[in-house]
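# Residue-level structural notes
Chain residues, written in single-letter form:
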Amino acid sequence: MLTPRHRVPRASRLLFVVLCAIAAGCASFDPPQSADLAQATLPVPEAKVRAAVVQVLEEGGYRVRQGEDGGDLTTEYRQETDSPSDWMLRVRFGTGRSRVEVRLTPEGATATRLAIHVTYEGKDGLFESWTTYPTPLPQSAEHQLRLVKSALGLL
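What this report covers is the structure whose coordinates are included nearby. Remember, it's a predicted structure, so these values are computed and weren't measured experimentally. (Residues numbered from 1 in each chain as written. Predicted model: local features only at pLDDT ≥ 70, side-chain atom pairs only at ≥ 80, totals over all residues. Heavy atoms only, no water.)

## Considerations on the packing of aromatic side chains
Tallying each qualifying case throughout the model produces 0 aromatic pairs. Sitting above the plane of the Tyr62 ring, Arg78 keeps its charged end 5.5 Å from the centroid. In this structure, Arg99 packs its charged tip against the face of Tyr77, placed 5.7 Å from the ring centre. (Phe/Tyr/Trp six-rings, centres within 6.5 Å; stacked < 30°, edge-to-face > 60°. Lys NZ or Arg CZ within 6 Å of the ring centre and 35° of its normal.)

Below you can see the structure in the form of structure tokens.
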């Protein structure tokens, strides 16, 4: 039995319960990734397709990184609002960011299989967590594929 001098004060217990509730509210899970995927087999050698993909993504504001296995290209997150004065908009109305993963698979000497996967996330305010949303048209995988085809002169 606890003696009166070993009892936890009521205010401390209440504070503990409030902190546990806040910690439980901060815990979240990642929603399943949306499948914004576009695939095509292009009648162009892999080196030219790779150069066109890098050009299109860099012109779109992404930083492109070479994958470890040599066939993949990935990008860092691209902030959709990037002006220093846009911090008020991001805090009040939220922001979005997108990321691109590209897989290039050579199919012979004159053809390349291209797969583009775009992930778009957004949040509504400063204290919200990132949530997966449908990709806006300018960053969509189909649009990126069309830009690559255009850069290669296939359209």
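Now, onward.
## A short note on the packing of helix 2 (residues 46–59) against helix 4 (residues 141–152)
Contact geometry of helix 2 with helix 4 gives a least axis separation of 9 Å together with a crossing angle of 120°. Here helix 2 lies oblique to helix 4, going by the angle between them. Pair helix 2 / helix 4 crosses with right-handed handedness. Packed against helix 2, whose contacting residues are Lys48, Val49, Ala52, Val53, Val56 and Leu57, the element helix 4 presents Gln144, Leu147, Val148, Ala151 and Leu152 at the interface. Partitioning the contact of helix 2 with helix 4 into residue classes produces 9 nonpolar, 1 polar and 1 charged. (Axes fitted to C-alpha atoms, helices over the stretch in contact; angles between N-to-C directions. Helix = DSSP H or I, 4+ residues; strand = E, 2+ residues; numbered from the N terminus. Parallel < 35°, antiparallel > 145°, perpendicular 65-115°, else oblique. Left-handed = near helix turned anticlockwise from the far one by under 90°. Contact = heavy atoms within 4.5 Å. Nonpolar A, V, L, I, M, F, W, Y, C, P; charged D, E, K, R; others polar.)

## Here's the deal with empty space enclosed by the protein
As enumerated under the stated definition, the model contains 1 cavity of 30 Å³ or more in all. There is about 30 Å³ of room inside the largest cavity. Val53, Val56, Leu57, Val100, Val102, Ile116, Gln144 and Val148 are the residues that line the largest cavity. Of all the secondary structure elements, the ones that give two or more residues to the lining of the largest cavity are helix 2, strand 5 (95–106) and helix 4. In terms of residue count, helix 2 provides more of the lining of the largest cavity than any other element does, 3 residues in total. A breakdown of the residues in the lining of the largest cavity according to their chemical character gives 7 nonpolar, 1 polar and no charged. (1 Å grid on protein atoms, 1.4 Å probe; cavity = no way out; pocket = protein on both sides within 12 Å on 5 of 7 lines; lining within 4 Å. Points joined across faces, edges and corners; volume = space filled by probe spheres on them.)

## As for helix 2
For helix 2, with 14 residues, the first-to-last C-alpha span of 20 Å sits near the 20 Å given by 1.5 Å per residue. Buried residues along helix 2 sit against strand 1 (36–42), strand 2 (64–66), strand 3 (72–75), strand 5, strand 6 (112–123) and helix 4. Of the residues flanking the end of helix 2, it is Gly61, one or two places downstream, whose phi is positive at about 95°. (Expected span 1.5 Å × (residues − 1).)

## Regarding the nonpolar core
Within the largest apolar cluster, 20 residues are counted, with the highest numbers of intra-cluster contacts made by Val49, Val53, Val100, Val102, Leu114, Ile116 and Val148. Within the residue set of this core, elements represented by two or more residues are strand 1, helix 2, strand 5, strand 6 and helix 4. It is helix 2 that contributes the most residues to this core, 5 residues altogether. The residues contacting Val49, other than those within four sequence positions of it, are Leu42, Val44, Leu104, Thr112, Leu114 and Leu152. (Core = buried A, V, L, I, M, F, W, Y, C linked by side-chain atoms within 4.5 Å. Buried < 20%, exposed > 50% of the residue type's maximum accessible area, 1.4 Å probe, protein only.)

## Section: the pairing of strand 5
Looking at chain direction, strand 3 and strand 5 are connected through 3 bridges and run antiparallel. Counted as the bridge partner of Thr74 is Glu101 from strand 5. Two strands pair when backbone bridges link them, and strand 5 and strand 6 are joined in this way by 12 bridges, in the antiparallel orientation. Bridge pairing in strand 6 places Arg99 opposite Thr119. Hairpin connection of strand 5 to strand 6: 5 residues between the antiparallel strands, including Gly108 at a positive phi of 85°. (Pairing = 2+ DSSP bridges.)

## Comments concerning helix 4
The terminal C-alpha atoms of helix 4, which comprises 12 residues, lie 17 Å apart, in line with the 16 Å expected from a rise of 1.5 Å per residue. The set of residues buried in helix 4 consists of Ala141, His143, Gln144, Leu145 and Val148. Those residues of helix 4 that are buried are in contact with strand 1, helix 2 and strand 6. Gly153 occupies a position one or two residues after helix 4 and carries a positive phi of about 80°.

By themselves, these are just geometric observations and shouldn't be taken as functional.
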